[in-house]
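# Descriptive structure summary
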Amino acid sequence: MPLPADLHPDPGCWPDQLPQEWPASGLGDNRAPFFVPQFADGTEAADLRFAAAEVLPGKYSLLGLPAFWGGGETLKVTLTDPAGLTVYLYYGVFEDCDLITRAAVLENTGTKPLTLHGVPSAVVDFARKDLDFITFDGEWAAERTPHRAPLRPGVQSVGSVGGIPLHYHTPFAILCAPDAGEATGEAWGAALVYSGNYRVQAELNAAGVRLALGIEPYHFHWTLAPGERFTAPEAAFAYSAGGYGGLRRCFHNAIRRHLLRAPWRDMARPRPVLLNSWEACYFAFDEAKLLELAAAGKKAGADLFVVDDGWFKGRSDTTSSLGDWVADPAKLPGGIPGLCKKINALGMALGLWVEPEAVSPDSDLCRAHPDWALHIPGRETLAIRHQYTLDFSRADVRENIWQQLTAVLDSAPIRYLKWDMNRSLANVYSAALPTARQGEVYHRYVLGVYELQERLLARYPDLLLENCASGGARFDCGMLFYSPQIWTSDNTDARDRMLIQYGTSFLCPPCVMGAHISAVPNHITRRETSLAARAALALTGTFGYELDLTAFDEKTLSELAVWSAFYRAHGELLRGGDLYWLCPPDTEKRGAAWAIVTPDGSEAMVFAAGEVLDGRSLPLPFADTQADYTAPDHGQTFAGTALRTAGLPLPACEGDFPGFVLWLRKEETAKEKA
Ligand code: DGJ
């Protein structure tokens, strides 16, 4: 309990009992320090005081960093420390989706260098203690499972020191009231718009709860010469009194409208139905196999054929060739232009896989420039998945990759690029930076990735970029600024995907989740699931295929073509609708039901999978009790009141992990007709 003021000799001298907007270390706020500047005299204390506030027109942007865009005004608050530090706090307001963004720019206003050892993007103090902390955690092939627990005294945090967010945690967390659930109760969400090392930290202390998020302080030191500035990545916050369902809709709208960019933002352009070669043939293909696969894909209704890993010089397994971005003449005698012409002749567009940040020790690039991989002089460089990581903090390294990528992209009309990243960073040291600045490498690396993706999009504005990192190891708001879709997980098993996509959906809308129908038994889990369940999960995402369609007969291909046509016909609803988890999956993944509903309520797509398909009825909380609904594909009509109270009757299904998809259309109400 904070001391009552009358028992306290001087309330002003207890800073750790007071809420702080930008807490600093060393001057009496004894909660876990996140912001740690070090001045030239060795002190690690900052005494920041309010100096000015102004409202600026438009939403701020951040040089070299991803950020939500659009929005209304910006509040800029200036704090100064007489020792020579000024902090500019920026607040962006998005009234249309109830989102507030924050960013901080730090300037050395002194006469000597100053070093930043930890910089949060934002800190929020809650004057209450009874809050639950929800984080999204997992591992490869099981990303972003929600974990919820009441906060206990002290610091609880999630983060990454692997250079990218990794599979284990997500740069997003929720604090909520103990009684909050899917549709009720207070919930606060905080997302970091960043794709590198990060920390999201909640501290239950004597005064309440402090939530802080930003770049992970491990191996982060950034020295500012007098007059220099450092920009911290953006953080985005939403609040809902309608549980995490309400919170989810704030973030979904904000991401669709204000983070994705033209031409893919919002519902501006339909996404292609994609056929990816990875699970169809892995590295074992030549041009004839690819053309056969693409031809079958065309029959299944795919628009875009993506050649995944294995198309470049000498690549026949994971042990070589990353960094040599030239088509393998043995597999593709006509090169990429030759393949593209043939794919286009089938009536499909071509897309390619690349892993620009990686280099194989067995590659021409590595032989020519052994010092371009991140490595610590005098120590063995760790190869993970037989590959090193290029030092993307270096402009000359990025320039080489840029030249190679643009040579490929200029050689043929390539409409899509899958940018993969299959390992964590290790041996983090840059040969191009002096000893004292090695603490900048992790962050400069991320800035380098952003710079190259920005450059690509500026040169190829119509390119559909899909980020990926061994599945979903870099699924964050930072990457979404560049790519409107991210490969959600290497696990394409419908039953596992249900939980992965559920967890991902606390922050991200379905339209950004890479999701494909794959083969059964599933390549990772060996599990059988129904086609309807696999289709339901793919429709709750970007929709595509990832299986060897050449093994299917004409009848099966035309069944798939019906699903492709269904996705195309309902694209606006699926991409732009509000997501409701009507019966969320549990960790046993027995089953779930969910719906995507147009914001005006005129249409809904209802999905169910697994054990919920046992003949029960599923109440639809969004149903208008004044209206009737039809299921045009089944010739059924339902009264809105019945759907809302008694519920939609679900079929009782037999077999392995059944699935159900139903399109509902609201009929005009009597009032609307009048
Ligand atoms: C990991 C990705 O997640 C897969 O989809 C595939 O692209 C492989 N890498 C290729 O190496």
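Calculation criteria
Residues numbered from 1 in each chain as written. Predicted model: local features only at pLDDT ≥ 70, side-chain atom pairs only at ≥ 80, totals over all residues. Heavy atoms only, no water. Helix = DSSP H or I, 4+ residues; strand = E, 2+ residues; numbered from the N terminus. Polar contact = N/O pair within 3.5 Å; in protein donor to acceptor, adjacent residues only side chain to side chain. Contact = heavy atoms within 4.5 Å. Axes fitted to C-alpha atoms, helices over the stretch in contact; angles between N-to-C directions. Parallel < 35°, antiparallel > 145°, perpendicular 65-115°, else oblique. Left-handed = near helix turned anticlockwise from the far one by under 90°. Buried < 20%, exposed > 50% of the residue type's maximum accessible area, 1.4 Å probe, protein only. pLDDT = per-residue confidence, 0-100. Pairing = 2+ DSSP bridges. Phe/Tyr/Trp six-rings, centres within 6.5 Å; stacked < 30°, edge-to-face > 60°. Lys NZ or Arg CZ within 6 Å of the ring centre and 35° of its normal.

This brings us to the side chain of Arg248. Along the chain, Arg248 falls in helix 1 (residues 243-258). At 3.1 Å, the side chain of Arg248 forms a polar contact with the backbone oxygen of Ser505. Ignoring anything within four residues of it in the chain, the contact list for Arg248 reads Glu182, Tyr502, Ser505, Phe506, Leu579 and Trp581.

Our next topic: the packing of helix 10 (residues 531-539) against helix 11 (residues 554-569). Between helix 10 and helix 11, whose axes approach to 11 Å, the crossing angle comes to 25 degrees. Classified by the interaxial angle, the pair formed by helix 10 and helix 11 is roughly parallel. For helix 10 against helix 11, the interelement crossing comes out right-handed. Contact residues: Leu531, Ala532, Ala535 and Leu539 in helix 10; Glu559, Leu560, Trp563, Phe566 and Tyr567 in helix 11.

Here the focus is unusual backbone geometry. Note the cis peptide between Ala262 and Pro263, where omega equals 0 degrees. Inspection of the secondary structure puts Pro263 in the loop between helix 1 and strand 18 (274-276). Even without being glycine, Tyr282 reaches a positive phi, approximately 45 degrees. Phi is positive for His386, close to 60 degrees, though the residue is something other than glycine. Summarising the element assignment, His386 is placed in the loop between helix 5 (364-368) and strand 22 (388-389). In this structure His386 comes out as partly exposed when scored by relative accessible area, which is 42%.

Let's shift gears to the confidence of the model for the protein chain. Per-residue pLDDT for the protein chain averages 96, and the proportion of residues at 70 or more is 97%. Overall, residues 1-5 carries pLDDT values under 50, and its contacts beyond four positions in sequence, including any with other chains, amount to five contacts.

Next up on the list: the pairing of strand 34 (residues 636-639). Note on strand geometry: in a regular strand, side chains alternate between the two faces of the sheet. Pairing of strand 33 (residues 628-631) with strand 34, which is carried by four bridges, proceeds in the antiparallel orientation. Counterpart to Asp628 in the pairing with strand 34 is Ala639. Counting the residues between successive antiparallel strands, the hairpin from strand 33 to strand 34 contains four residues, one of them, Gly635, with a positive phi of roughly 65 degrees.

We now examine the environment of Phe657. In this structure, Phe657 sits in the loop between strand 35 (648-649) and strand 36 (659-666). Take Phe657: its relative accessible area is 8%, and that puts it in the buried class. Along the chain, Phe657 and Tyr88 lie 569 residues apart, while their C-alpha atoms are 53 Å from each other. Apart from the residues within four sequence positions on either side, Phe657 is in contact with Ala494, Arg495, Met498, Glu528, Thr529, Ser530, Ala533, Lys589, Arg590, Ala609 and Gly610.

For any pair of aromatic rings, the description rests on two quantities: the centre-to-centre distance and the angle between the ring planes. What the rule picks out here adds up to 31 aromatic pairs. A ring pair is formed by Tyr502 and Phe506, whose centres lie 5.1 Å apart and whose planes are at 75 degrees; its orientation type is edge-to-face. Note on accessibility: Tyr502 and Phe506 belong to one class, buried. Joined through ring pairs, the aromatic side chains of Phe136, Phe172, Tyr244, Phe251, Tyr502, Phe506, Trp581, Trp594 and Phe607 make up one cluster. When the ring centre of Trp264 is taken as reference, the NZ or CZ atom of Arg269 above it lies at 5.0 Å.

What follows concerns the sheet that holds strand 36. Strands sit in the order 29-30-31-36-33-34 across an open sheet of six strands; the sheet is antiparallel. For this open sheet the edge positions go to strand 29 (578-583) and strand 34, each flanked by a neighbour on one side alone. Across the sheet, the mean angle separating the axes of adjacent strands is 25 degrees when strand polarity is ignored. Of the strand pairs in this sheet, strand 31 (residues 603-610) and strand 36 are connected by seven bridges, and their pairing is antiparallel. Its bridge partner lying in strand 36, Phe607 is registered against Val661.

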